[in-house]
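For reference, the chains in residue letters:
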Amino acid sequence: MPKKQAGKRAGGTPATVALTRAGIDFTLHPYEHDPRAESYGLEAAEALGVEPGRVFKTLMASLDGNLVVGIVPVTRQLDLKALARALGGTKAQMADVAAAERATGYVAGGISPVGQKRSHPTVLDESAAAYETVYVSGGRRGLDLELAPADLVAITDATTAPIAR
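Residues numbered from 1 in each chain as written. Predicted model: local features only at pLDDT ≥ 70, side-chain atom pairs only at ≥ 80, totals over all residues. Heavy atoms only, no water.

(A) The pairing of strand 2 (residues 56-63), seen in detail. Of all eight residues making up strand 2, six are buried, and the element is well covered by its neighbours. Two strands pair when backbone bridges link them, and strand 2 and strand 3 (residues 66-73) are joined in this way by eight bridges, in the antiparallel orientation. Directly across from Leu 63, in strand 3, lies its bridge partner Asn 66. Here strand 2 folds back onto strand 3, and the loop between the two strands holds two residues, one of which, Asp 64, carries a positive phi near 50°. (Buried < 20%, exposed > 50% of the residue type's maximum accessible area, 1.4 Å probe, protein only. Helix = DSSP H or I, 4+ residues; strand = E, 2+ residues; numbered from the N terminus. Pairing = 2+ DSSP bridges.)

Below is the structure:
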């Protein structure tokens, strides 16, 4: 998979900058975003012609008062109890959208697990391991990144666990 350099023409975002600095191979996949789309992730899968199970959404949750990240296939939902178990916490709930945007530096619907303003404990659903590469948000609506699941785990310092239902 060829590495795409971050930059204005390449759709440079904090995510692409972080991947480039880390020397991680990734491919940018821009697509025309429809603001009326009900599911940004399913929209991306359709626009890119990719099996929806390979496209992952980044969700922010509050676990015992601290923000955490759950990355799950767009075809499934985040199991908050499983996320709490995976991170050794007790109670998780979806984070407030404004708090998620402030903490990550991204806009909802374009939150990337990579290049967030602050590092957050992250869990990638174990189903990602079934694919050579997966797609995640590139840091804005209408831009996905394709990279190997192991590289996603490395750049986000994630653990893997069954967190999707």
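From this point, the narrative continues.
(B) Local environment of the sheet that holds strand 5 (residues 122-125). Spatially, 4-2-3-5-8 is the arrangement adopted by the five strands of the open sheet, whose pairing is mixed. The two strands at the open ends of the sheet, each matched to only one other strand, are strand 4 (92-94) and strand 8 (159-161). Strand after strand, the sheet turns through a mean of 35° between neighbouring axes, direction not considered. Sheet topology note: the strand 2/strand 4 ladder contains three bridges and is antiparallel. Counted as the bridge partner of Ser 62 is Gln 93 from strand 4. The sheet strands contacting helix 5 (residues 149-156) are strand 3, strand 5 and strand 8, and the helix crosses strand 5 at an angle near 170°. (Axes fitted to C-alpha atoms, helices over the stretch in contact; angles between N-to-C directions. Contact = heavy atoms within 4.5 Å.)

(C) Representation of the nonpolar core in the model. Counting residues in hydrophobic clusters, the biggest one holds 22 residues, and the most contacted among them are Leu 19, Phe 56, Ile 71, Val 136, Leu 145, Leu 147 and Leu 152. When residues of this core are traced back to their parent elements, those giving at least two are helix 1 (14-22), strand 2, strand 3, strand 6 (134-140) and strand 7 (143-147). It is strand 7 that provides the largest number of residues to this core, a total of three residues. One finds Ala 61, Leu 63, Ala 161 and Ala 164 within the second-largest nonpolar core, a separate group that totals 13 residues. (Core = buried A, V, L, I, M, F, W, Y, C linked by side-chain atoms within 4.5 Å.)

(D) Main features of the sheet that holds strand 1 (residues 27-30). With respect to topology, three strands assemble into an open sheet ordered 1-7-6, the strand pairing being antiparallel. Each end of this open sheet is capped by a strand with a single partner; those strands are strand 1 and strand 6. Averaged over all pairs of adjacent strands, the angle between strand axes in this sheet comes to 35°, irrespective of strand direction.

(E) Layout of the environment of Val 69. Of note, Val 69 is situated in strand 3. By relative accessible area, Val 69 is classed as buried at 1%. For Val 69 and Ala 95, which are 26 residues apart along the polypeptide, the C-alpha to C-alpha distance reads 9.6 Å. Once residues lying within four places of it in the same chain are set aside, the contact partners of Val 69 are Thr 58, Leu 59, Met 60, Leu 83, Gln 116, His 120, Pro 121, Thr 122 and Val 123.

(F) Region of interest: the environment of Ser 39. For Ser 39, the location among the structural elements is in the loop between strand 1 and helix 2 (40-48). Considered as a pair, Ser 39 and Ala 15 are 24 residues apart in the sequence and their alpha carbons are 21 Å apart. From its side chain, Ser 39 meets the backbone nitrogen of Leu 42 in a polar contact 3.1 Å long. (Polar contact = N/O pair within 3.5 Å; in protein donor to acceptor, adjacent residues only side chain to side chain.)

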